[in-house]
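# Inside the fold
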Amino acid sequence: MASVTYENVYKRWGDVVAVNNLSLDIADREFMVYVGPSGCGKSTTLRLLAGLEEISEGTIKIGDRVVNDVPPKDRDIAMVFQSYALYPHMSVYDNMAFGLKLRKTPKAEIDAKVKEAAEILGISQLLDRKPKALSGGQRQRVAVGRAIVRHPQVFLFDEPLSNLDAKLRVETRANISRLHQQLATTFIYVTHDQVEAMTMASRIAVLKDGILMQVDTPQNLYNRPDNVFVAGFIGSPSMNFFDATLVEQDGQLMVDGGSFRLLMPAEKTQQLRQYRGREVIFGIRPDDIHSAEFTPPSITPALLRAKVDVTELMGNEIFVYGLTGKKQFVARVDPRTRVHAGEEVEFNVGMDNMHIFDAKTEKALV
């Protein structure tokens, strides 16, 4: 097993900087997820570690060994791609055994490793089938099995669930999390789906334009984002953002959004008083906007009047899209709430969980 270290890593293609001064330490046996929008550099970051792309500058280590000039086959890693890349003319058994055969592994050892991996993945009954006779989820497990039999120091996954339907993605991500616990080795996983990242990762590295924006546990990213980008990317539905100004009235600090004024709790006032008069971005998650009739007793509420634009009944909750001034926001409210499009209603905003960002730098002020 091994840790992974990126030290001031760059990847350039001409004038395009795909990975920009990346420094990141991944602990042994950690489940690290790289997440971000298309083109943010997450797959390139993974491919640099695998040796499939050359580093322009910097150092990558697996354990204590610098691997910049080590061929991919000698890095002791295994990779699962978005396209499973199975050999269509080979059985499941032969697909899983192929890499070991190339390494001249003894036949008995190959047989033991393939059967062990098949047992872990629940595909023992499929070993004689060809890929064309398998479902998408089964093919994905075969691709993972092909990686497992090598017993590598590090597993790399490049968007392995993208080709699966929604129900199968949920099932398979639970299987991959379970696999990480069973194998007790380092997993590095690339996805653009923040729900996948939140549910699977020990820590998440959020990337944008080749730059590491923040790395932390899923809960810390959700509760304490460093900037507007991370705040908006992590969480579904996304955080609501309002252009606002911090104003003081009768010794109390308020968020002035033009069409509303929200009173801050005493603790937040103390932290933010130095910024009064400054233009800011006020952020609040849909979970922290409640219908007035079903407001949790534990929050510090501030009244927000708005017009209901659209409602989405989800069964166990309702998404209410409201308008305050010309700004739309979304609230995740109690399913017993009775509101209809076009109505003027009152919401209670849980100000204990609000976020304030600098309007120019977009960095968190608290």
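None of the values given here were measured: they were computed from a predicted structure.

The helix and strand tally for the protein chain stands at 9 helices and 20 strands. Going through the 366 residues of the protein chain one by one, you find that 49% of them count as buried. Carbon and sulfur atoms form 47% of the exposed surface of the protein chain, whose accessible area is close to 17,500 Å². In the protein chain, which carries 44 positive and 46 negative side-chain charges, the distance between the mean positions of the two groups comes to 6 Å.

Moving on, we come to the pattern of salt bridges. Applying the stated rule across the entire model yields 16 salt bridges. Between Lys-61 and Glu-7 there is a salt bridge whose closest N-O contact spans 3.5 Å. Of the two residues, Lys-61 sits in strand S4 (residues 57-62) while Glu-7 sits in strand S1 (residues 4-13), which places them 54 residues apart along the sequence. With its nearest N and O atoms 3.2 Å apart, the salt bridge here joins Arg-261 to Asp-256. By relative accessible area, which is 40% here, Arg-261 ends up partly exposed.

What follows deals with the packing of aromatic side chains. Under the criterion given, the structure shown has 15 aromatic pairs. Between Phe-155 and Phe-157, the ring centres sit 6.3 Å apart and the planes meet at 25°, which makes this aromatic pair stacked. Judged by relative accessible area, which is 3%, Phe-155 ranks as buried. Seen in terms of ring centroids, Phe-157 and Tyr-189 are 5.8 Å apart; in terms of plane orientation they differ by 35°. Their pairing is tilted. Note that Phe-157 is positioned in strand S7 (residues 154-158) and Tyr-189 in strand S8 (residues 186-191), a separation of 32 residues in sequence. The pair formed by Phe-157 and Tyr-189 is uniform in burial state, with each residue classed as buried. Three or more aromatic residues link up through ring pairs in this structure, and these residues are Phe-31, Phe-155, Phe-157, Phe-187 and Tyr-189.

What counts, and at which threshold
Residues numbered from 1 in each chain as written. Predicted model: local features only at pLDDT ≥ 70, side-chain atom pairs only at ≥ 80, totals over all residues. Heavy atoms only, no water. Helix = DSSP H or I, 4+ residues; strand = E, 2+ residues; numbered from the N terminus. Buried < 20%, exposed > 50% of the residue type's maximum accessible area, 1.4 Å probe, protein only. Areas by Shrake-Rupley, 256 points an atom, 1.4 Å probe, with all protein chains shown as cover. Lys, Arg positive; Asp, Glu negative; His and termini not counted. Charge placed at Lys NZ, Arg CZ, Asp CG, Glu CD. Salt bridge = Lys/Arg side-chain N within 4 Å of Asp/Glu carboxyl O. Phe/Tyr/Trp six-rings, centres within 6.5 Å; stacked < 30°, edge-to-face > 60°.

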